[in-house]
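Overview (structure and organization)
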Amino acid sequence: AVAEQLRGGSALVLEANAEDVAAERERGTSAPLLDRLTLTAERLESMAVAVLQVADLPDPLGRVLAGWETPNGLRMRRVSVPFGVIGMVYESRPNVTVDAAVLALKAGSAAVLRGSSNALASNRALVSLMRAALEAAGAPADAVQLVDSKDRALVTALLRARGQVDLVIPRGGAGLIRHVVDTARVPVIETGVGNCHVYVDAGADLAAALPIVLNSKVQRPGVCNAMETLLVNEDEAAAFLPSAAAALRAAGVTLYGCERSRELVPGMLPATDAEYAEEFLGLNLAVRVVADLDEALAHVARYGTQHTEVILTSDLARAERFRREVDAAVVIVNASSRFTDGFEFGFGAEIGISTQKLHARGPVGLEQLVTYKYLVDGDGQTRA
């Protein structure tokens, strides 16, 4: 029903979204951030398809996760159950409104949604369609609710509604996530900033590496799984960096590099700690030539955000070491960083990428949106 409403109400959503985009363009918002906000007919159709994929996923509730019998004959089962009420605090991208709502519903929970103020008209339209779908399907419309206000005090109220809200998930920039983590009295799944690296190893297949590097950076630069720093082994730098830089610049990317990078690519801007630590979310890229895998690992450990790290290599031993030693939610060998995504992982829609280590890590899909309880069956046992 939600998918049908999205398709049937596309004109309403696109009109509301155009209002949001026009207001942000007038404010001088950057092109990548405008892209995150913008909905098109094609993106709406992708959202509807993702909704149907979630509907087709196995029910995550009532699954027996483990079962055993104790020596005294008690029969134990650990069974998946809903959280209850899930709050979502997020920025810009209106597709998150639908992803979060349908995943929460599929997981047996209600969704309380607080998107960013610059997408308020879009989110109103999307939530109105979803609430109509719920009513048409005989479900309570209030299972999906929008915090329909730009008042930031209401975000704090949501984060402190312990006993009324069971879980909060933030999705957005570092400032939003830190505010949620520091303010919340409700349990939080912390989705993280994506300062993602691609490391081109000594002996890598450079012909294969170039399209991977380009895809990681420019396929959609305003998202958290886009590459923000390119690391190149010194053995391959002279052969790889000039051609890679030319291709990246042709795609509109501004490059910031170390001294060795700038020797190989004239006109590259100097990189400082600020550039290496930055999640650009746009057409900017930091570049560094490293001596070996040790130096690449040290750079990732210093500047990475435990999101997604990539190695492009032909050496199985170095690939395995990279997998083992990099501390990130997702480690990729010989493929684009852009695959860190619930849809690409086969989870259907996702609610975010978790970079924490408790409960959920990586793409947060249905399995991460349920909790469990223990069911114990006895035959009159008492404890001595």
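In what follows, the structure referred to is the one given above.
Remember, predicted model here, so these are calculated numbers, not experimental data.

1. Quick notes on unusual backbone geometry
- One non-glycine residue, Leu281, adopts positive backbone phi at about 55°.
- Relative to the assigned elements, Leu281 resides in the loop between α12 (273-276) and β11 (284-290).
- Here the phi dihedral of Asn334 falls at roughly 60°; this positive angle occurs in a residue that is not glycine.
- Structurally, the position occupied by Asn334 is in the loop between β13 (330-333) and β14 (353-354).

2. Some thoughts on the nonpolar core
- Judged by nonpolar contacts, the single largest core of 45 residues is most densely connected at Met88, Val98, Leu113, Leu126, Ile169, Ile351 and Leu369.
- By residue number, the principal contributor to this core is helix α6 (residues 120-136), which donates nine residues.
- Look past the residues within four positions of Leu369 in its chain and what remains in contact with it is Phe83, Ile86, Leu103, Ala104, Ala107, Ile169, Ile351 and Val364.
- Membership of the second largest hydrophobic core comes to 34 residues, among which are Phe240, Val253, Val287 and Tyr303.

3. Some points on the packing of helix α13 (residues 293-303) against helix α14 (residues 316-325)
- At a minimum axis distance of 11 Å, the contact between α13 and α14 shows a crossing angle of 20°. Relative to α14, the element α13 lies roughly parallel. The element α13 and its partner α14 pack so that their crossing is right-handed. For the pair α13 and α14, the contacting residues are Leu293, Asp294 and Leu297 in the first and Arg318, Arg321, Phe322 and Glu325 in the second.

4. Brief notes about helix α10 (residues 234-250)
- For α10, built from 17 residues, the straight-helix expectation of 24 Å at 1.5 Å per residue is met to within 8% by its first-to-last C-alpha distance of 24 Å.
- Maximal helix bending in α10 amounts to about 50°, located at Phe240; proline Pro242 follows within four positions.
- Within the span of α10, buried status applies to Glu236, Ala237, Phe240, Leu241, Ala244, Ala245 and Leu248.
- Lining the buried residues of α10 we find β7 (196-200), α9 (206-218), β8 (227-233), β9 (254-257), α11 (259-264) and β11.
- For α10, the side-chain oxygen to backbone nitrogen distance between the N-cap and Asp235 is 2.8 Å, and the N-cap itself is Asn233.
- At the exit of α10 stands Gly252, carrying a positive phi of roughly 95°.

5. Quick notes on the sheet that holds β7
- Strand order across the open sheet formed by seven strands is β10-β9-β11-β8-β7-β12-β13, with parallel pairing between neighbours. Since the sheet does not close on itself, it has two edges, and those belong to β10 (269-270) and β13, each with one partner.
- With four bridges connecting them, β7 and strand β12 (residues 308-312) associate as parallel partners. Looking at β12, one finds that Tyr199 is bridged to Ile311.
- The strands that α10 touches are β7, β8, β9 and β11; relative to β8, the one it contacts most, it runs at about 145°.

6. Section: the sheet that holds strand β4 (residues 110-114)
- Across the sheet, which stays open at both edges, the four strands sit in the order β5-β4-β3-β6 with parallel pairing between neighbours. Two strands close off the open sheet at either side, each with one partner strand: β5 (144-146) and β6 (167-171). Ignoring strand direction, the axes of neighbouring strands in this sheet form an average angle of 20°.
- Bridge count between β4 and β5: three bridges; the pairing is parallel. Directly across from Ala111, in β5, lies its bridge partner Val144.

7. Brief notes about the pairing of β4
- Across the five residues of β4, five count as buried, placing the element largely inside the fold.
- Judged by which residues are buried, β4 turns out to be covered on both faces: Ala110, Val112 and Arg114 on one side and Ala111 and Leu113 on the other are all buried.
- With helix α5 (residues 95-106) bridging strand β3 (residues 85-90) and its parallel neighbour β4, the resulting β-α-β unit is right-handed.
- On the question of chirality, the crossover connecting β4 to the parallel β5 by way of α6 is right-handed.

8. A few points about the pattern of salt bridges
- Scanning all chains against the criterion turns up 22 salt bridges.
- Of the charged contacts in the structure, one is a salt bridge between Arg75 and Asp379, with a shortest N-O distance of 3.0 Å. Of the two residues, Arg75 sits in strand β2 (residues 75-82) while Asp379 sits in the segment after β16 (370-377), which places them 304 residues apart along the sequence.
- Accessibility expressed as a relative area gives 34% for Arg75, which makes it partly exposed.
- The partner of Arg324 in a salt bridge is Glu325, and the shortest N-O contact between them spans 4.0 Å.
- Arg324 gets classed as exposed once you look at its relative accessible area, which sits at 56%.
- Among the charged side chains, a salt-bridge network with shared partners connects Asp294, Arg321, Arg324 and Glu325.

Definitions and cut-offs
Residues numbered from 1 in each chain as written. Predicted model: local features only at pLDDT ≥ 70, side-chain atom pairs only at ≥ 80, totals over all residues. Heavy atoms only, no water. Helix = DSSP H or I, 4+ residues; strand = E, 2+ residues; numbered from the N terminus. Core = buried A, V, L, I, M, F, W, Y, C linked by side-chain atoms within 4.5 Å. Buried < 20%, exposed > 50% of the residue type's maximum accessible area, 1.4 Å probe, protein only. Contact = heavy atoms within 4.5 Å. Axes fitted to C-alpha atoms, helices over the stretch in contact; angles between N-to-C directions. Parallel < 35°, antiparallel > 145°, perpendicular 65-115°, else oblique. Left-handed = near helix turned anticlockwise from the far one by under 90°. Expected span 1.5 Å × (residues − 1). Bend = angle between axes of the 7 residues up to and from the residue. Polar contact = N/O pair within 3.5 Å; in protein donor to acceptor, adjacent residues only side chain to side chain. Pairing = 2+ DSSP bridges. Right-handed = clockwise from strand over helix to strand, strands pointing away. Salt bridge = Lys/Arg side-chain N within 4 Å of Asp/Glu carboxyl O.

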